[in-house]
Amino acid sequence: MNPDLRRERASASFNPELLTHVLDGSPENTRRRREIENLILNDPDFQHEDLNFLTRSQRYEVAVKKSASMVQKIREFGISDPEEITWFKKLHVINFVEPMNLNFSMFIPTLLNQGTTAQQEKWLRPAKELQIIGTYAQTELGHGTHLRGLETTATYDPETQEFILNSPTVTSIKWWPGGLGKTSNHAIVLAQLYTKGKCYGLHAFIVPIREIGTHKPLPGITVGDIGPKFGYDEMDNGYLKMDHYRIPRENMLMKYAQVKPDGTYVKPVSNKLTYGTMVFIRSFLVGEAARCLAKACTIAIRYSAVRHQSEIKPGEPEPQILDFQTQQYKLFPLLATAYAFHFVGAYMKETYHRINEDIGHGDLSELPELHALTAGLKAFTSWTTNTGIEACRMACGGHGYSHCSGLPNIYVTFTPTCTFEGENTVMMLQTARFLMKSYDQVHSGKLVCGMVSYLNDLPSQRIQPQQVAVWPTVVDLDSPDSLAEAYRLRAARLVEIAAKNLQTEVSHRKSKEVAWNLTSVDLVRASEAHCHYVTVKLFSEQVLKIQDKSIQAVLRNLCLLYCLYGISQKAGDFLQESILTDSQVTRVHQRIKELLTVIRPDAVALVDAFDFQDVSLGSVLGRYDGNVYENLFEWAKNSPLNKAEVHESFYKHLKPLQSKL
């Protein structure tokens, strides 16, 4: 064990194991998660080459092999609980992307959400056992997040009782679905439904794309891999072109919308019911943002405790770079954010399952807010995490640039989250639509509930120029509840500002669509404020639930840092709306620096509590034992360029050049 890390752990004010139990939900969950992890880590089939030294084709093959192995191991170990399967998968396929992931994360959930009982009986077991391997084909070359713009058509033929799927233009070719290029033999395809000469919008269809056994594309299907990307080397993101390709009527997912044998269309109770898979994935991505940011923070903070560089006082030994205030300012707010997002992710998962159960009983009342909240929080957390991972990489200096740090891989694997399942700006505008509808309800005298209930208090928050601010002096900078109230006021005011600006544009221009576009910056700002408030609210509420005093104290400090740092970054909003005064904002900046000092002794213990095993981190810099430099040297020796003392290129190109001199 590196002596710096040993000393750091010995000086912590709390037991990281107790905090791990909080993050897992209970000591039993921690025990069971570790039991499942050890099943994998002790399995010789788990071992594989360092993916950093493989070609893309080799990485894809390793990933397919491990995906197939994973399914076999889940059966062998008798793991059936969905939560435990998630734990198993996260470690088994760690540090690379799983080509079959969309079969489990989108194909099967879509069958569960939108398939009839008969369809589930036909397709679910083969999909779970990988007799068929599915993907989810929505995005096209010309359109992604704008679903109404998708061009793929599914035209019903009542004579044969078949749908004719067609890609009428180049821009209608399905593009980007994971696992489509080489792995999947089926796809759930989103297409514009035409029956009896009328278009009824997007609907989902189960489409066989490759012959079972030979895996060759079926007649009428053109399918392949879209090529190298920024990351995701193991994933065969693909394209799909359909040429008047016929499928049976029964292949349309008909739990909600239906097409009768004669072509009669039966509309669903709510159009939003067909977006169930996207809502599920977006709620999942919030937790994934927390996990990826936590991994990045673990690597950067452990390395910062091991790395010694420069001097604080001339002539003294080089300090740990974690002792520099600037390093703490880079990393500790991100650490606090990782914890905040963890609790938000847990809330979203629980809320999704609760509301989904209500929907199953016919109660759709909370569906609009769930749709809006998952869209906004997906954008809010992924933007923040994307920036945070890169900040952690740069905080590791030059070594952070090496793949040995693990940070480049985390970054390029997480970055697509900002655009898949809805481009983030568009997601924020979807949330804004819900906020504007909620504001209109309040403005018309109705009450709203849920996370937007703060809008009910809008009349009391309106400040006339001659009035004193809502609270210029009573905000308690040491109270998470009080700070959550400040964020609540900010959200309410920015929603109101966006709503009023939208109304002004409508009064000047008759088109609501043009007015919406001209107010979109204000609308995104309002959505961001709403999501920030929700995150602060959930984090501060979680702190109050903690029973152990030492754990509550350290989480309270993190919560305060998260809240105050957010205020410092958005100080203009809090000042402009008279939520805080100049002197209070000055105090916020000072309090942040004080909290950095308070959190410093617990920093390593706080990342230890995430309980990532070394193999999960995939980082030489973030090793639990802190023995960075010797292992970095060993890692470099494994580079394929080092297999020969003299590379063959020397004999081919350099030696002839030198012989002429």
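Model, not experiment: these values are computed from the prediction.

Quick look at the overall build of the protein chain
In step 1: Across its full length, the protein chain carries 23 helices and 11 strands.
In step 2: By the compact-globule yardstick of 26 Å for 661 residues, the protein chain fits well, its C-alpha radius of gyration being 27 Å.
In step 3: Oriented by its inertia axes, the alpha-carbon framework of the protein chain measures out at about 90 × 85 × 60 Å.
In step 4: Considering the protein chain as a whole, with its 661 residues, one finds that 54% of them fall into the buried category.
In step 5: Looking at the protein chain alone, contacts between residues at least 24 apart form 73% of all its contacts between residues at least 6 apart.
In step 6: Per element, the accessible surface of the protein chain, about 29,500 Å² overall, is 54% carbon and sulfur.
In step 7: Put simply, the protein chain has 71 plus and 72 minus side-chain charges, and the middle of one group is 4 Å from the middle of the other.

Some thoughts on helix α22 (residues 628-637)
In step 1: When we look at burial in α22, the residues that qualify are Val628, Leu632 and Trp635. Each buried residue of α22 lies within a common arc of 60° when the element is viewed along its axis, so the set occupies one face.

Examining the pairing of strand β5 (residues 186-195)
In step 1: Taken across its 10 residues, β5 has 9 buried, putting it largely inside the fold.
In step 2: Both strand β2 (residues 153-157) and β5 contribute to a ladder of 3 bridges, which runs parallel. Residue pairing across strands places threonine 153 opposite glutamine 192, the latter belonging to β5.
In step 3: Inspection of the sheet shows β5 paired to strand β6 (residues 198-208) by 9 bridges, in the antiparallel sense. Each bridged residue has a counterpart across the sheet, and for valine 189 the counterpart in β6 is phenylalanine 205.

Let's talk about the packing of aromatic side chains
In step 1: Going through the model one piece at a time under the given rule, you end up with 15 aromatic pairs.
In step 2: When the centroid spacing of 5.5 Å and the interplanar angle of 65° are considered together, the rings of tyrosine 329 and tyrosine 565 count as edge-to-face. Of this pair, tyrosine 329 sits in helix α9 (residues 325-360) while tyrosine 565 sits in helix α17 (residues 549-569), and the two are 236 residues apart along the sequence.
In step 3: Judged by centre distance (6.1 Å) and plane angle (40°), the rings of phenylalanine 610 and phenylalanine 612 are tilted. An identical accessibility class is assigned to phenylalanine 610 and phenylalanine 612; each is buried.

Structural notes on the sheet that holds strand β7 (residues 221-225)
In step 1: Taken in spatial order, the 3 strands make up an open sheet running β4-β8-β7, and their pairing is antiparallel. Looking at the sheet topology across the chains shown, the edges are occupied by β4 (174-175) and β7.
In step 2: Sheet topology places β7 next to strand β8 (residues 238-242); 5 bridges connect them, and they run antiparallel. Its bridge partner lying in β8, isoleucine 221 is registered against methionine 242.

A look at helix α7 (residues 117-128)
Every α-helix winds through 3.6 residues per turn, so residues three or four apart in the chain are directed the same way.
In step 1: The end-to-end C-alpha separation of α7 is 16 Å, in line with the 16 Å expected for 12 residues at 1.5 Å each.
In step 2: Within α7, burial applies to Gln119, Trp123, Leu124, Pro126 and Ala127.
In step 3: Contacts made by the buried residues of α7 are with α6 (101-114), β5 and β6.
In step 4: Two residues or fewer after α7 comes leucine 130, characterised by a positive phi angle close to 65°.

Here's the deal with the side chain of arginine 302
In step 1: Mapped onto the elements, arginine 302 comes out in helix α8 (residues 276-306).
In step 2: Within the structure, arginine 302 has its side chain in polar contact with the side chain of aspartate 608 (distance 2.9 Å).
In step 3: Separated by 2.9 Å, the side chain of arginine 302 and the backbone oxygen of glycine 622 make a polar contact.
In step 4: Setting aside residues up to four positions removed in sequence, arginine 302 forms contacts with Leu5, Arg9, Val607, Asp608, Phe612, Asp614, Leu617, Gly622, Arg623 and Tyr624.

With respect to the pattern of salt bridges
In step 1: A complete count under the given rule lists 38 salt bridges for this structure.
In step 2: In this structure, aspartate 611 engages arginine 33 in a salt bridge whose closest nitrogen and oxygen atoms are separated by 2.6 Å. Residue aspartate 611 is located in the loop between α20 (603-608) and α21 (614-617), and its partner arginine 33 is located in helix α3 (residues 27-41); the two are separated by 578 residues in the primary sequence.
In step 3: Judged by relative accessible area, aspartate 611 falls into the buried class, the value being 17%.
In step 4: Arginine 591 serves as the salt-bridge partner of glutamate 594, at 3.2 Å between the closest nitrogen and oxygen. Here glutamate 594 pairs with arginine 591, and both are found in helix α19 (residues 582-599), just 3 residues apart, close to one helical turn.
In step 5: According to the relative accessible area criterion, arginine 591 is buried, its value standing at 13%.
In step 6: It is possible to trace a salt-bridge network through shared partners that takes in Glu17, Asp24, Arg33, Arg34, Glu37 and Asp611.

Digging into the packing of helix α14 (residues 480-508) against helix α16 (residues 520-545)
In step 1: At their nearest, the axes of α14 and α16 sit 8 Å apart, and the two run at 160° to each other. Accordingly, the angle class assigned to the pair α14 and α16 is roughly antiparallel. Crossing geometry of α14 relative to α16 is assigned as left-handed.
In step 2: For the contact of α14 with α16, the residue count by class is 13 nonpolar, 4 polar and 7 charged.

Description of the packing of helix α10 (residues 367-395) against helix α12 (residues 424-443)
In step 1: In contact at an axis separation of 8 Å, α10 and α12 are set at 145° when each is read in the N-to-C sense. Once α10 is placed against α12, the crossing between them reads as left-handed. Residue-level contacts link Pro368, Glu369, His371, Ala372, Ala375, Gly376, Lys378, Ala379, Phe380, Ser382 and Trp383 of α10 to Asn424, Thr425, Met427, Met428, Gln430, Thr431 and Phe434 of α12.
In step 2: Among the residues making up the contact of α10 with α12, the classes are represented as 9 nonpolar, 7 polar and 2 charged.

Notes on the confidence of the model for the protein chain
In step 1: Here the protein chain averages 91 in pLDDT, while 96% of its residues score no lower than 70.
In step 2: Note on residues 460-473: pLDDT is under 50 here. Beyond four places in sequence and across chains, it has 29 contacts.

Describing unusual backbone geometry
In step 1: Of note in this structure, tryptophan 176 is not a glycine but carries a positive phi near 100°.
In step 2: Topologically, tryptophan 176 is positioned in the loop between β4 and β5.
In step 3: Located in the positive-phi region is serine 578, a residue other than glycine, with phi close to 60°.
In step 4: Positionally, serine 578 belongs in the loop between α18 (571-576) and α19.
In step 5: Judged by relative accessible area, serine 578 falls into the partly exposed class, the value being 28%.

Some words on the state of the cysteines
In step 1: This model, assessed by the stated rule, comprises 0 disulfides.
In step 2: Cysteine 559 takes part in no disulfide bond, and the closest cysteine sulfur, belonging to cysteine 563, lies 4.2 Å away.

Focus: the side chain of arginine 210
In step 1: Relative to the assigned elements, arginine 210 resides in the loop between β6 and β7.
In step 2: Despite its burial, arginine 210 pairs with no opposite charge, the nearest such side chain being aspartate 236 at 6.2 Å.
In step 3: If we skip the residues at most four places from it in the chain, arginine 210 touches Leu180, Gly181, Lys182, Thr183, Ser184, Asn185, His215, Lys216, Pro217, Leu218 and Val223.

Some remarks on the environment of leucine 447
In step 1: With respect to the element layout, leucine 447 can be found in the loop between α12 and α13 (458-461).
In step 2: The exposure class of leucine 447 is exposed, given its relative accessible area of 68%.

Conventions and cut-offs
Residues numbered from 1 in each chain as written. Predicted model: local features only at pLDDT ≥ 70, side-chain atom pairs only at ≥ 80, totals over all residues. Heavy atoms only, no water. Helix = DSSP H or I, 4+ residues; strand = E, 2+ residues; numbered from the N terminus. Rg over C-alpha atoms; globule rule 2.2 N^0.38 Å. Buried < 20%, exposed > 50% of the residue type's maximum accessible area, 1.4 Å probe, protein only. Contact = heavy atoms within 4.5 Å. Areas by Shrake-Rupley, 256 points an atom, 1.4 Å probe, with all protein chains shown as cover. Lys, Arg positive; Asp, Glu negative; His and termini not counted. Charge placed at Lys NZ, Arg CZ, Asp CG, Glu CD. Arc of directions from axis to C-beta. Pairing = 2+ DSSP bridges. Phe/Tyr/Trp six-rings, centres within 6.5 Å; stacked < 30°, edge-to-face > 60°. Expected span 1.5 Å × (residues − 1). Polar contact = N/O pair within 3.5 Å; in protein donor to acceptor, adjacent residues only side chain to side chain. Salt bridge = Lys/Arg side-chain N within 4 Å of Asp/Glu carboxyl O. Axes fitted to C-alpha atoms, helices over the stretch in contact; angles between N-to-C directions. Parallel < 35°, antiparallel > 145°, perpendicular 65-115°, else oblique. Left-handed = near helix turned anticlockwise from the far one by under 90°. Nonpolar A, V, L, I, M, F, W, Y, C, P; charged D, E, K, R; others polar. pLDDT = per-residue confidence, 0-100. Disulfide = S-S within 2.5 Å.

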